[in-house]
Amino acid sequence: LAFRAAGVGLVFLSVMIAAGAIWANEAWGRYWAWDPIETWSLVTWLVYALYAHMRLTLGWRGKKSAWFLVAALPLVAFSFVVVPIIYNSIHGAYLRGL
């Protein structure tokens, strides 16, 4: 069940990053700017892709797999809640109501 939930999350992260890149190209004339929010979204995606890879190719099951997901969850919270507050970025301006 956890693997399926992480897989769904990975798909949604993929769609979010791709849609954001397309929108950024229309809005700012570039797909990727290495903005802190973009970068942390990519880091989160990479962690969950690593989890899927370890699960599918190395056969991680049970406690090892579960602890990896437990350790990855704060990264998601950090990426989507803390990063926009800490870093002054063009994305954060929208969150602050500017």
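What comes next is a walk through the structure. All figures in this text were calculated on a predicted structure; none of them were measured in a lab. (Residues numbered from 1 in each chain as written. Predicted model: local features only at pLDDT ≥ 70, side-chain atom pairs only at ≥ 80, totals over all residues. Heavy atoms only, no water.)

Things to note about unusual backbone geometry
Rule in force here: Secondary structure counts use DSSP, requiring at least four H or I residues in a row for a helix and at least two E residues in a row for a strand, with both numbered from the N terminus. Under the scheme applied here, a residue whose accessible area is under 20% of the maximum for its type counts as buried, over 50% as exposed, and between as partly exposed, the area being computed with a 1.4 Å probe on protein chains only.
At Trp 34, a position not held by glycine, the phi torsion is positive, near 55°. Here Trp 34 shows up in the loop between helix 1 (2-28) and helix 2 (36-57). A residue is classified by how much of its surface remains accessible, and Trp 34, at 57% relative accessible area, is exposed.

Digging into the packing of aromatic side chains
Our working rule: Here a Phe, Tyr or Trp ring, Trp counted by its six-membered ring, pairs with any other such ring whose centre lies within 6.5 Å, and the pair is stacked when the planes are under 30 degrees apart, edge-to-face when over 60, and tilted otherwise.
Across all of its chains, the model carries five aromatic pairs by this definition. Relative to Tyr 51, the ring of Phe 3 lies with its centre 6.2 Å away and its plane at 55°, an arrangement referred to as tilted. With a gap of 48 residues between them, Phe 3 in helix 1 and Tyr 51 in helix 2 connect regions that are remote in the sequence. Between Trp 40 and Phe 78, the aromatic rings sit 4.9 Å apart at their centres with planes inclined by 75°, giving edge-to-face as the arrangement. In this pair, Trp 40 sits in helix 2 while Phe 78 sits in helix 3 (residues 62-86), placing the two residues 38 residues apart along the sequence. Exposure remark for Trp 40: the relative accessible area of 24% places this residue in the partly exposed category.

A short note on the nonpolar core
Convention followed: Working definition of a nonpolar core: buried Ala, Val, Leu, Ile, Met, Phe, Trp, Tyr and Cys residues. They are joined through side-chain atoms within 4.5 Å. Only heavy atoms matter for contacts: two residues are in contact if any of them lie within 4.5 Å across the pair.
Core analysis: the largest hydrophobic core is formed by 11 residues, namely Ala 6, Leu 10, Leu 13, Tyr 48, Tyr 51, Ala 52, Met 54, Trp 60, Phe 68, Leu 69 and Ala 72. Breaking this core down by element, the ones donating at least two residues are helix 1, helix 2 and helix 3. For this core, the element with the highest residue contribution is helix 2, accounting for four residues. Once residues within four sequence positions are removed from consideration, Ala 72 is found in contact with Val 47 and Tyr 48.

Points about the packing of helix 1 against helix 2
Between two packed helices, both the angle of their axes relative to each other and the distance between the axes serve to describe the pair. Going by this rule: Structural elements are reduced to axes, namely lines fitted to C-alpha atoms, with helices fitted over the stretch in contact, and the angle between N-to-C directions of any two is expressed from 0 to 180 degrees. By definition, turning the near helix anticlockwise from the far helix through less than a right angle yields a left-handed crossing, and turning it clockwise yields a right-handed one. By the convention adopted, Pro, Cys, Tyr, Trp, Phe, Met, Ile, Leu, Val and Ala count as nonpolar, Lys, Arg, Asp and Glu as charged, and the other residues, Gly among them, as polar.
At their nearest, the axes of helix 1 and helix 2 sit 10 Å apart, and the two run at 145° to each other. Between helix 1 and helix 2 lies a crossing of left-handed hand. Contact residues: helix 1 offers Ala 2, Phe 3, Ala 6, Leu 10, Leu 13, Ser 14, Met 16 and Ile 17, while helix 2 offers Ser 41, Leu 42, Thr 44, Trp 45, Tyr 48, Ala 49, Tyr 51, Ala 52, Arg 55 and Leu 56. The residue inventory of the contact of helix 1 with helix 2, partitioned by class, reads 14 nonpolar, three polar and one charged.

Notes on the packing of helix 2 against helix 3
Selection criterion: The scheme is simple: roughly parallel for angles under 35 degrees, roughly antiparallel for over 145, roughly perpendicular for 65 to 115, oblique for anything else.
As a packed pair, helix 2 and helix 3 sit with axes 9 Å apart at the nearest point and diverge in direction by 170°. The orientation of helix 2 with respect to helix 3, classified from their angle, is roughly antiparallel. Each of Pro 36, Ile 37, Trp 40, Ser 41, Val 43, Thr 44, Val 47, Tyr 48, Leu 50, Tyr 51 and Arg 55 in helix 2 lies in contact with helix 3, whose residues at this interface are Ser 65, Phe 68, Leu 69, Ala 72, Leu 73, Leu 75, Val 76, Phe 78, Ser 79, Phe 80, Val 83 and Pro 84. Looking at the contact of helix 2 with helix 3, its residues break down into 18 nonpolar, four polar and one charged.

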